[in-house]
Every structure is written in C-alpha cells, then in structure tokens.
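Commentary on secondary and tertiary structure
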4 protein chains.
Amino acid sequence: MLSRPPSAKSRQRTVPAAPCVLVTGFEAFGDDPSGQGLNPSALAAQALHGQVIAGHPVVAAVLPCVFGRSVAVLKALLKQHQPSWVLCTGQAGGRAGISLERVAINLDDANLPDNAGCMVVNQPVVARGPAAYFSTLPLQAMLGALQRAGLPCELSSSAGHFVCNHVFYALMHQLRKSPVRGGFVHVPYLPQQAAGTGRPSMALQEITQGLHVALQAALDEPSLQTLS
Amino acid sequence: MLSRPPSAKSRQRTVPAAPCVLVTGFEAFGDDPSGQGLNPSALAAQALHGQVIAGHPVVAAVLPCVFGRSVAVLKALLKQHQPSWVLCTGQAGGRAGISLERVAINLDDANLPDNAGCMVVNQPVVARGPAAYFSTLPLQAMLGALQRAGLPCELSSSAGHFVCNHVFYALMHQLRKSPVRGGFVHVPYLPQQAAGTGRPSMALQEITQGLHVALQAALDEPSLQTLS
Amino acid sequence: MLSRPPSAKSRQRTVPAAPCVLVTGFEAFGDDPSGQGLNPSALAAQALHGQVIAGHPVVAAVLPCVFGRSVAVLKALLKQHQPSWVLCTGQAGGRAGISLERVAINLDDANLPDNAGCMVVNQPVVARGPAAYFSTLPLQAMLGALQRAGLPCELSSSAGHFVCNHVFYALMHQLRKSPVRGGFVHVPYLPQQAAGTGRPSMALQEITQGLHVALQAALDEPSLQTLS
Amino acid sequence: MLSRPPSAKSRQRTVPAAPCVLVTGFEAFGDDPSGQGLNPSALAAQALHGQVIAGHPVVAAVLPCVFGRSVAVLKALLKQHQPSWVLCTGQAGGRAGISLERVAINLDDANLPDNAGCMVVNQPVVARGPAAYFSTLPLQAMLGALQRAGLPCELSSSAGHFVCNHVFYALMHQLRKSPVRGGFVHVPYLPQQAAGTGRPSMALQEITQGLHVALQAALDEPSLQTLS
C-alpha cells in the first residue's frame, strides 16, 4: 500500500483540493508466467501515484489477489480517500492491448487458486446482487484517446471470473447509488513476462501512458465532470 | 539509405578498424495496418547505425520492399561495406516476439504486391538454386541472450514467401562460399501499427534493444569469431 | 419457419403431450465468409426439428438476423408453441467448439449491418432493463455431457453485441418471471465456411449432435425437471 | 501395419496392375491431448487402405512415432510396395485445416520425447544432406481440389522439427533420384482430442475425404501422370 499522495499537503490551504482519482493494481499471482512476481497493473498504478490529471491528484494502491480481502481493502481505500473517480486495473495475460471493460458480472468462477489458496467456483460476488453492472466510465472517450495516442486498445465485454471481475463487480455495487464514477481496465503482460510464451506483451512505459491517456480523457469529458 | 558510419573516420588511423556489421531493415509496405508508412525493422536498424558492438561498427541500411531490386541494393551494400556479419531484418505482423529465422526457402510466393506493384507467385528466388539455406548466425546463443534480457523471442522455421524470405535466401546464396556470416530476424508490429488490429506489438525501444542484444551475443560467440 | 412438429398429432390422445422445446437458429448474415448463405445454427436447429428429447418434442425455427424483428418473431413463437424450454443458437465464427453462453448483456453494439442494413451502435436491448441476465439453462450439466461425448465445448461469458446477444437478452427478459428455462448456445463455422480463412470449424453432424446431447442433459437434470 | 490391399489379387491377371499409392499415418504420441491414444493421420490412412484412386490402389501403413525407426519402416514399405506415389501424413495439433507441406528441412529439433523416450535436439536428419527438399506432389492442384470440396486447407511452409518433418525429409531424400513423387500432409486434431483445449478440430470423415480428394487431384494431374 502506498502512502498519501503529494497533493495531501494542499488540503491545508484555504482552497479545497479537487477530489482524487483512485487507481488500483493487483499484486502478482499464479498467472505470472515469468515467476518473477510481476504484475504490470501494480507497476503502472504506482507510476501514476502522485501525478495530477485534469486537476485531480492520483492516489494509487495495490490490492491483494484474494477473493474477499481485495474488496475489503478497496472499500477501506474508498472511505479513506473519498475519490471522485475510481479506476481498478488488472493483468490479462494473452491480450494484446489495453482492454476497457464494459461490464462486471456477478460471478466468481476461478480456474486457479487466489493468493490465499482459495479457488472460488460458480459463486455470486454479492448474494442476491443483480446479474451485472456496466462501467460508469466514459469508455468511448477513453477508447478514442487511446487510439489517437497510437496505443493498442479495445473494448472488452468480459473481465473474466477471477479476482479482477470480483473487484470490478464489488466496486460497481458499492458505487451503485453514488455519483462517483468507476470501472476496470485490463492490461497485457510485460515483455519479460511474455518471453517464452509466444503471447503478446506491452512495455510498462506504454501501459502507464495508456492509463494516463485514458484517465485524462475520462476526466476531461464535459458531460461527466464532477463538481469539486 | 544512410551515410557512412562514424567509424569510417577511424579508418584513417594506422590500426585497421574491425570489419563492420551490416544491418538492414525494410521500407514500409502494404502490410502496415496503420497506413502511416511505418516499418519497425527500418527504424530499429537506423537506431543501431553507428553503434559499435563487440568492436564492430554497425552500418545500417533500408532496403526497398521490391522483389529483385532489394537484392541488387543488398549486393551493392555487401560490396561497398565488406561486412564480416550481415543481419537482415523485416516486419512480421502478428508475431509477438523477435523471431530468429532458421531457414531461407528458394520460393517467392507473394499474396500482396510489392512496392513496385509486382506480385511474384510460385517462383524460385534463384533459378536452379538449392531448396533452402540455413542461417549461419549462432541462433542458439542469440536466443539465450534475448531470453536473459527478458525479451519475447523465438526461433522460427519460416520467413514466409514475400520480400523478407527473398532477401534472406539471396543473402545466404551470395554468402554460400564466404566466411561472412549472415541471417534474418523478424520483428513484431509497433504499438501504433497494431492499434485497432488486436494483434501483438513491441515498443521500438525493445525491438532495437533486442537486435543489439542478439548481435552482441553473435559477435561474442568465440567459436565463430571472425578474423579482423 | 417450420411447420408443426410430428408430435402435434399426439395431442389428440387423452394423455396430454409434454410441452415442447423451442430451438431457434439464425438465417445467414454478413459474417458468413463462404458467401454461400450458410448458417450452421439454422441447419442444426432444422435437423433437430421433430425429434423427441427426454419426452419433449423439438420445435425448430429460423430467426431473421435483424435487430428488433428477430425478437418479434421469437415472441410469436413463444406464444404459439408455449415451450417449457427455449434454446436459441447462433454462429460464432472463429470459435472452435460449442459455446454455452452464461450471460446476456443489455447492449446492442454492432460492427456490421444486420440483414435489414441497420447497424445498431451502443444502444440498450431493452430501455431501462437490467444490465444483464444469466442463462437459466443448467450449463454445468450440459457442459459435462458435451465433454463426455468428446465434443469441443466451453462456457462463454460474452455472446457479443450483435443480433445473437440481442435475441438472448430479449429472451431472458421475456422469461424473467416465467418458469420456462432458456439460454443461448453459439456454434462454430461449418468446414465449407472456414475453408480459406484459417479459422476453426465443426461438421454439421457434430454440431447437431452437440445440441442434442446438451438438450438431453438439460432436460434430464432432475432438480430442474418441468412439470408436464 | 496393414495387410496387402485388395488389389493385390489383380496382379495375377495378365494386365499388370497400376503401381500403388503408399499412404502413411503415425501412431499416437505425447501431443495427443485427449490421452486416448488417438492420431487422426493413422485413422484416415487406414480408412483409405484398399481404395482405388485414379486407378491406383492405396496401401496404408502406420509409422512409429520414433526418430530413426520411423524412417526404417518407411524404407521397408517403399521396397515392399514399390509405390509410384507416396503421401505421408501426421497430426498437427492447433491447425484448423488440412496442411499441404511445401518443404522438408534437414533438422530434428524436438521439444517433447518421441515414443522411444528420445528427444533429438538440433541435429540434421541426414548428415551432410542438403538444407531442404521441396515436396514433389502437385500441391496447387491438390489445394484447388480441397477448396472446391469446401474443406479447410492451406499450404504450409513448415512441417515442424519433430518426427513428421523427420519422415518427410527422409522420404524426399530417399526419392531424390527417383521418378516416384512424394510429400507430406498435416491434419488437425479430431474433435474428441480438441475437446477442452479450445483448439480447432476436424471430423475424421472430413479428414479422410480431404486426403482422398487431394490424392485424386494429384493422380489426375496430366503433366505428372506416371506410366503404368
């Protein structure tokens, strides 16, 4: 977990600071083929920590790759930082570009154990929750900005059934009656993870740039501008 | 085509310079999905131009993506620069890593026109030439070095049937009785080319690093050291 | 549209017939690479028409590949045949096996025109409908039966955003307060469609067998047995 | 190994029989993901055994999936049956169609052990043999016939580096001064092998039909007609 962002200091001033953007990544998990304990989502989130995008300071945090506990940590972060935007990110090995997830499904159905050794199969994320939530991020604006930046990107309609979708669904459930906007983005393997697998990869610099470009586009979206 | 490398000046000294390494890339062609006239092989070759690897200066050049003419330009470069090593490179859209080509086939069989509008179908590269030549680069050493550098890479057994294989075969035919070692490497799309295609890509910095690492490994290979 | 199934005659007997299983396929559309006007889903549905599975006669129908009209036809079929089970099927070019769809999304977002020339982009299937519905078919039992039959199969979490998902969502919305169970299955290209594309295919006989095996497993599922 | 074909009887007649077509497949090996000991190439070859194509009886045989021994068995078959055409076939898991191999490489480089437990790495098939041989089958005519039959098919420029390429190279080396024509064809997984892998498959009936169609086209090719 990271310490408070540089912008925290500005809260002591008379002009109230803009609310922050919370960006989360995940710790490494069993799907890291390099076995080096890498997860590009955590590295990219950390690289954005403390930056200011469209006037909003970025607060980054790394979530445990564990069903249940990841959501508890996320809820604590929401409470602590009171962000006006939330972007959760995770690693999608095998995808070639930055994937803007459209929809979170109320389904945990792992095919490998989480980092606590637990393999949740065919369970709802939230009992009696609705089947799905859509992302409330302005995905079309984010996609356009990524395309203009020449970065491989796509809309995706499935965030899978592992801890990524679990956190995405729990986030959207938590925000369901809130004006705070949130969503989830998957990023490819790093080159050093993909080496030897024949699978696509993206350099950390481009992943970080991609998240920055997408956040900039989201926060600049006039119709969705939050009041500060 | 690039001007003479910086090392040319050193030839005025009394100690003769080590022979150069010739690295070629290709100009953009119809397989560039970005339509921006990009070819990562040319950009990476140019980035290596003038560097000194294991004591050998790199001379880079860009070949036309044209059957026949590409080989004429290559032969002129061989004559002009008298390299002791030759690495030809090209773009292989859809591959995820740096591909060390094992074998050049005596077959031109294009499925798109070259940059002169010619689509050569089912013809030999060299009439009455042998069916194939193996690369004479130390591919296992190069592959190992790329793996240690954490770069996606692979051995490949087909350089296709377009101008890449055409140049590769012609190079090996030209070198068949020579101590000069040569071969071919394919590189992936750049991110800005792959954007919107769903296909893998690699950042230019990593492609360039990969060619450097592979050349370093080749030139360091003791059993293959050329006499200068 | 097909005529009534052979079992209709049995309704004249004193013992009431079991309610039917409605199986729909789609007419050919722009994604048929063979240009021969093929759609394996329609052919397989028609091959099942009139068969009796676990005591239930199969009624097959072919839906138009048109946003809106496809749903109107489906609703008329539901009203006419009063099925106790509904299996809608469609073609998913590029998939290698029979795909049991888990979830229908409230999103139409076509990237090619439907058969009426209309390309619906980024619209809900049902205005103010929930984000998604889960299939109410016993997918795990169906998957197990397909695996035991040695047929390539998988669970899928995205039915896309074209007319297939449109019909799937509309079906589940229609059945949301009904005891009738329903869902959607995607099938691969036929060999003659895949020829020349490099994409996977499945013979019609196996597709038809797969739908039969999956329906048999669904209708045999004791906990879900419908009352006849 | 199979017994003599039905056509053997005709050799007792005064009119000499046409020379046979030798078709080989491979026994199952470690790449069979079903673990059921299947290899579609052997099953398809056996299904063709005894058929007469363009006047030539088919003799089928199954080769061991063992470096060295496979070639010894092939040579014995060539000596025993004196075929005028030889089609060796093997399984290429992951390919979606019937692959007509263009070129055999003088390279054994296995990444799994053969059925004798031996994993040959980076060795020539024939010491001091040429780098490669082209197939001498009329591949364009065969490809056209497969396309007209609506069967997924492709030309391939790499038969890999396992026992398939080993046999292919050894065959072409054996035939290099002979009028007998030969080549190699790879076939996809069977559906029951691909189940659970997400990889493409082809029904045995279509694989067998494909080999028949391709052989028919080869034997009908006027310019290549053998004298009987």
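A brief report on the enclosed structure follows.

Calculation rules
- Residues numbered from 1 in each chain as written.
- Chains lettered and ligands numbered in written order.
- Predicted model: local features only at pLDDT ≥ 70, side-chain atom pairs only at ≥ 80, totals over all residues.
- Heavy atoms only, no water.
- Buried < 20%, exposed > 50% of the residue type's maximum accessible area, 1.4 Å probe, protein only.
- Helix = DSSP H or I, 4+ residues; strand = E, 2+ residues; numbered from the N terminus.
- Pairing = 2+ DSSP bridges.
- Least-squares fit on C-alpha atoms with pLDDT ≥ 70 in both.
- Contact = heavy atoms within 4.5 Å.
- Phe/Tyr/Trp six-rings, centres within 6.5 Å; stacked < 30°, edge-to-face > 60°.
- Buried area = accessible area lost by both parts, 1.4 Å probe.
- Salt bridge = Lys/Arg side-chain N within 4 Å of Asp/Glu carboxyl O.
- Polar contact = N/O pair within 3.5 Å; in protein donor to acceptor, adjacent residues only side chain to side chain.
- Axes fitted to C-alpha atoms, helices over the stretch in contact; angles between N-to-C directions.

Residues and elements named next belong to chain D. Most of strand S4 (residues 85-91) is tucked away: seven of the seven residues are buried. Residues Trp85, Leu87, Thr89 and Gln91 line one face of S4 and the alternating positions Val86, Cys88 and Gly90 line the opposite face, and both faces are buried. As paired strands, strand S1 (residues 21-26) and S4 are joined by four bridges and run parallel to one another. Pairing of Val21 across the sheet is with Trp85, part of S4. Pairing between S4 and strand S9 (residues 181-187): seven bridges, direction parallel. Looking at the pairing, Thr89 lines up with Val185 of S9.

Between the two copies of the chain lies a rotation about an axis combined with a shift along it. When chain C is fitted to chain A, the best match, at an RMSD of 0.0 Å, comes from turning it 180° and sliding it 0.0 Å along the axis. In short, the pair behaves as if placed about a two-fold rotation axis. Within chain C, Ala132 of chain C has its C-alpha nearest the rotation axis, a separation of 2.7 Å.

You can overlay chain C on chain D at an RMSD of 0.0 Å; the transform is a turn of 180° with a shift of 0.0 Å along its axis. With an isologous cut-off of 70% or more, the 100% of interface residues of chain C that recur at the interface of chain D puts this contact in the isologous class.

Time to look at the packing of aromatic side chains. Two numbers describe a pair of aromatic rings. These are the distance of the centres and the angle of the planes. Counting across every chain of the model gives 16 aromatic pairs over all chains. Ring centres of Tyr133 of chain B and Tyr169 of chain B lie 5.1 Å apart, and the angle between their planes is 50°; this geometry places the pair in the tilted category. Here Tyr133 of chain B is found in strand S7 (residues 132-134), whereas its partner Tyr169 of chain B is found in helix H4 (residues 163-174), with 36 residues between them in sequence. Each member of the pair Tyr133 of chain B and Tyr169 of chain B is classed as buried. Measuring from centroid to centroid gives 5.7 Å for Phe67 of chain C and Phe162 of chain C, while their planes differ by 85°, and the two rings are edge-to-face. Separated by 95 residues along the polypeptide, Phe67 of chain C in the loop between strand S3 (56-63) and helix H2 (69-81) and Phe162 of chain C in the loop between strand S8 (153-156) and helix H4 (163-174) bring together distant segments of the chain. The burial state of Phe67 of chain C is the same as that of Phe162 of chain C; both residues are buried.

For Ser158 of chain B, the location among the structural elements is in the loop between strand S8 (153-156) and H4. In this structure, Ser158 of chain B is in contact with Arg95 and Glu101 of chain B together with Ser157 and Ser158 of chain D, ignoring residues within four places of it in sequence.

On to the interface of chain C and chain D. Each side of the interface is counted separately: chain C has 15 residues, and chain D has 15 residues. Across the interface of chain C and chain D, roughly 1100 Å² is buried in total on both sides, 59% from carbon and sulfur atoms. Put simply, chain C and chain D have zero salt bridges between them. The interface formed by chain C and chain D holds two residue pairs in polar contact (both at pLDDT 80 or more) in total. Secondary structure elements with two or more residues in the side of chain C that touches chain D: helix H5 (191-194) and helix H6 (204-220) of chain C.

Take the sheet that holds strand S9 (residues 181-187) of chain B next. All names here are of chain B. The sheet built from seven strands is open, its strands ordered S2-S3-S1-S4-S9-S5-S8 with mixed pairing. With partners counted over all chains shown, the strands left at the sheet margins are strand S2 (52-53) and S8, one partner each. Running at roughly 160° to S8, helix H3 (residues 139-148) makes contact with strand S5 (98-101) and S8 of the sheet.

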